[in-house]
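# A closer look at the structure
Listed below are the residues making up each chain.
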Amino acid sequence: MTIYYVNSATGSDRNNGTGQNSAFATLSKVESLKLKPGDSVLLAKGSVFNEQFDIKYSGTESAPIKIGSYGTGAAPVIHSGGDGIHSLYASNIVIENLKISNTGTAGIYGGSVTNWTVRNVEIAKTGMSENAGAVTFRSSTNVTVEDSKITAVKGDGFWIEKVAGVKLLDNTVTSANGSTADAVQVNDSSNILIKGNHLDQTNADSPKGVIALVRATDAVVEDNVLTGGGFGISAPAGKNVAIRDNDISGFHGYSWSFGVGLGDQGNARDYDISGNHIHDGAWGVAISDASGTSYTRTNIKVHDNVFDDLSQAALKVDRPASGSFTNNTIETGTTATAISPSIVDAHTFTVSNNHTVANVETVLASPVAKTAAVTEASADPAVAAVHDNLKIFSDTGEAHRGNLLENDGSDNDTLVLRRFGDESVGKHGLTLTGDYGVIHVDREGNYAYTLDETKLPDHDGHVSESFSYGINDGNSHHTDGDTLTVYIHMDNLLG
C-alpha cells in the first residue's frame with residue numbers, strides 16, 4: 001500500500017513520488033504507474049492540473065484505491081479539455097477532497113465501474129465543449145456520491161444510466177444549464193437512494209426540471225429540498241418508487257409544470273408519494289400522459305402530503321390509473337383534485353380523508369403539530385390562528401364580535417375576522433399599525449410589538465396604542481377596538 005504525492009508547483013516527474021518532498025508534478029506520471037489495491041494518490045492543496053486524470057486500475061472492497069489531497073489551503077483543481085477524471089472498468093475507487101472545473105466534458109466519468117465513492121468534491125463549469133453530466137456513470141454497479149457540490153455546469157448535474165445501486169446523499173446542485181439539463185437524471189437504474197440533497201434550478205438556463213427518474217426500479221427519493229425548474233420530480237415510469245418527505249417548490253414555466261409527475265413514459269407501478277411539502281408551482285402531483293398512450297398506472301398512493309400556493313390542483317389524474325389520494329392537507333385557495341370524469345366513474349382512484357386549512361405552517365411545524373392541526377381542521381376547515389381558547393377564523397358564516405388582545409370578549413370563545421382593512425386574514429397572521437409602532441399577531445395567536453424609535457414619546461415611559469378592526473360576513477358589519485399599553489425602560493433604551 002503506497003501513498004503517491006503530486007504537487008504541480010514544486011514536484012517533478014523525475015521524483016519517486018512517495019514523499020511530500022519527492023512529489024510528482026503531473027497526473028500523467030501517476031497514470032504510468034500500475035496502482036495496486038490500497039494505494040493512494042494525494043494531490044497537493046493549491047495545485048492546478050491542466051490534464052485529464054485516467055484511473056486504469058482497481059482496488060478491492062477492503063483496500064480501495066483512493067484519490068485525495070494533502071496539505072493546507074484550497075483544494076487541488078483539475079482542469080481538462082476532456083473529462084476531469086475518467087475511468088472504464090475500474091472498481092473499488094474512492095475520490096475525495098478535490099475540485100474539478102472548466103472541463104470540456106464531464107467532471108467525473110465512470111463507465112462499467114463497480115464500487116465507487118465520490119465525497120466532498122466540488123465540480124463547477126464542466127461540459128464547456130458539449131452538454132455532459134457533471135458526474136456521469138453508465139452501465140455500472142454500486143456508485144455513491146455524497147457531500148459534494150455541483151455549480152453552474154453545462155448539462156445535467158448528475159447523469160446516471162443503467163446503474164445497479166445508486167446513492168446520492170447530501171449533495172448540492174445549483175444551476176445545471178443547457179437545453180436538456182436536469183439537476184439529476186437517472187435512467188434505467190435500480191436500487192436507488194436520493195436523500196438529503198439541495199437541488200436548485202431556479203436560475204438555470206434549462207427548460208427541464210430538478211430530478212428525472214426514468215424507468216427506475218426500487219427507488220427512494222426522500223428528505224431533499226428541490227427548487228425551481230419546469231418540474232420538481234419526474235418519475236414517468238418505474239416500479240416500487242417512494243417519494244417522501246421532500247420540500248418541492250418553484251416549479252413554473254409551463255401549464256403542465258408539476259411537483260411530482262408520473263405515467264407518461266412507460267408503465268408506473270407501486271408508487272408511494274407521502275410526507276412531501278409541494279408548493280409555489282402549478283400542479284401538485286400529476287398522473288398524466290400528454291400523448292395518450294396506453295401505459296398502465298397501478299397502485300399509486302398519494303397521502304399525508306401538504307399542498308399550498310398552487311395555481312392548479314394538488315392532484316391531477318387524466319389518464320386511467322388506480323390508487324388513492326388520502327389524508328393530505330391542502331391550503332385554502334388551492335384546488336384539491338382534477339380527475340377526469342371517466343376515472344371518477346370507474347372508481348379506480350379513491351379520494352378520502354383530505355383536509356383544507358387556511359394556513360399550513362402549523363401542519364409543517366412538527367409531527368405533533370401536524371396531527372393537532374389536522375384534527376382541528378377536520379372540524380374547523382379554515383383555522384387561521386389559535387391562542388388559548390380563542391380561535392381566529394377566515395371563513396364564511398355568522399360574524400362574531402370579540403376582543404383580539406384580551407380573548408375574553410368573544411362569543412363562545414370564537415372570533416371570526418372577515419377582513420381587516422383591505423386584507424383578509426393573511427397566511428402569516430395579522431398586522432395592525434398604531435401611532436407608535438406595529439403589532440403582529442401570528443398564526444399561533446402570539447403577539448409581538450415593534451416600536452418605531454422615531455416616534456418615542458418624551459413623557460412617562462409608556463405608549464398606549466388603540467386598534468380598531470371590522471368584522472364583516474357580507475350581511476352585517478361590526479366594529480370593535482382594543483388598547484395595548486407598552487411600558488418602556490427609557491434609560492436602558494436610550495442610554
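Because the structure is a prediction, the values reported are computed rather than measured.

Here the focus is the pattern of salt bridges. Scanning all chains against the criterion turns up 11 salt bridges. Of the charged contacts in the structure, one is a salt bridge between K208 and D182, with a shortest N-O distance of 3.0 Å. With K208 in the loop between β17 (198-201) and β18 (211-222) and D182 in the loop between β14 (172-177) and β15 (184-187), the pair connects residues that are 26 residues apart, well separated along the chain. Relative accessible area serves as the criterion here: at 0%, D182 is assigned to the buried category. Note that D270 and R269 form a salt bridge whose closest N and O atoms lie 3.4 Å from each other. Through salt bridges with shared partners, one network takes in E96, R119 and E146.

Scanning all chains against the criterion turns up 7 aromatic pairs. Both rings, one in F231 and one in F258, keep their centres 5.5 Å apart while their planes meet at 20°; by these two values the pair is stacked. Of the two residues, F231 is situated in the loop between β19 (225-228) and β20 (233-244) and F258 in strand β22 (residues 258-262); the sequence distance between them amounts to 27 residues. Arranged with centres 6.0 Å apart and planes meeting at 40°, the rings of F307 and F325 form a pair that is tilted.

Here S69 lies in strand β5 (residues 65-70). Assessed through its relative accessible area of 15%, S69 is described here as buried. A distance of 3.2 Å separates a polar atom in the side chain of S69 from the backbone oxygen of N97. Leaving out residues up to four positions away in the same chain, S69 has contacts with L42, L43, K45, P76, E96, N97 and L98.

With 82 residues, the main nonpolar core has I95, F137, I211 and L213 as its most contacted residues. Apart from residues no more than four positions distant in its own chain, I211 is found in contact with V184, I194, L199, V221, L226, F231, G232, I233 and S234. Core analysis: the second largest hydrophobic core is formed by 6 residues, F231, A282, A286 and A313 among them.

We now examine the environment of K239. Mapped onto the elements, K239 comes out in strand β20. K239 sits 23 residues away from A216 along the chain, and the two C-alpha atoms are 6.3 Å apart. Other than its neighbours up to four places away in sequence, K239 contacts A216, T217, D218 and R269.

One non-glycine residue, K162, lies in positive phi territory at about 55°. As for its position among the elements, K162 is in strand β13 (residues 158-169).

Structurally, E96 is set in strand β8 (residues 91-103). It is 8.2 Å that separates the C-alpha atoms of E96 and T117, two residues lying 21 residues apart in sequence. In contact with E96, other than residues within four places in its own chain, are I67, G68, S69, R119, N120 and V121.

Our focus in this paragraph is the pairing of strand β29 (residues 323-326). When strand β26 (residues 297-303) meets β29, the two strands line up parallel, connected through 4 bridges. Residue pairing in the sheet places V302 in a bridge with F325 of β29. Of the strand pairs in this sheet, β29 and strand β32 (residues 349-352) are connected by 4 bridges, and their pairing is parallel. Paired with F325 across the two strands is V351, which belongs to β32.

Reading guide: rules and limits
Residues numbered from 1 in each chain as written. Predicted model: local features only at pLDDT ≥ 70, side-chain atom pairs only at ≥ 80, totals over all residues. Heavy atoms only, no water. Salt bridge = Lys/Arg side-chain N within 4 Å of Asp/Glu carboxyl O. Helix = DSSP H or I, 4+ residues; strand = E, 2+ residues; numbered from the N terminus. Buried < 20%, exposed > 50% of the residue type's maximum accessible area, 1.4 Å probe, protein only. Phe/Tyr/Trp six-rings, centres within 6.5 Å; stacked < 30°, edge-to-face > 60°. Polar contact = N/O pair within 3.5 Å; in protein donor to acceptor, adjacent residues only side chain to side chain. Contact = heavy atoms within 4.5 Å. Core = buried A, V, L, I, M, F, W, Y, C linked by side-chain atoms within 4.5 Å. Pairing = 2+ DSSP bridges.

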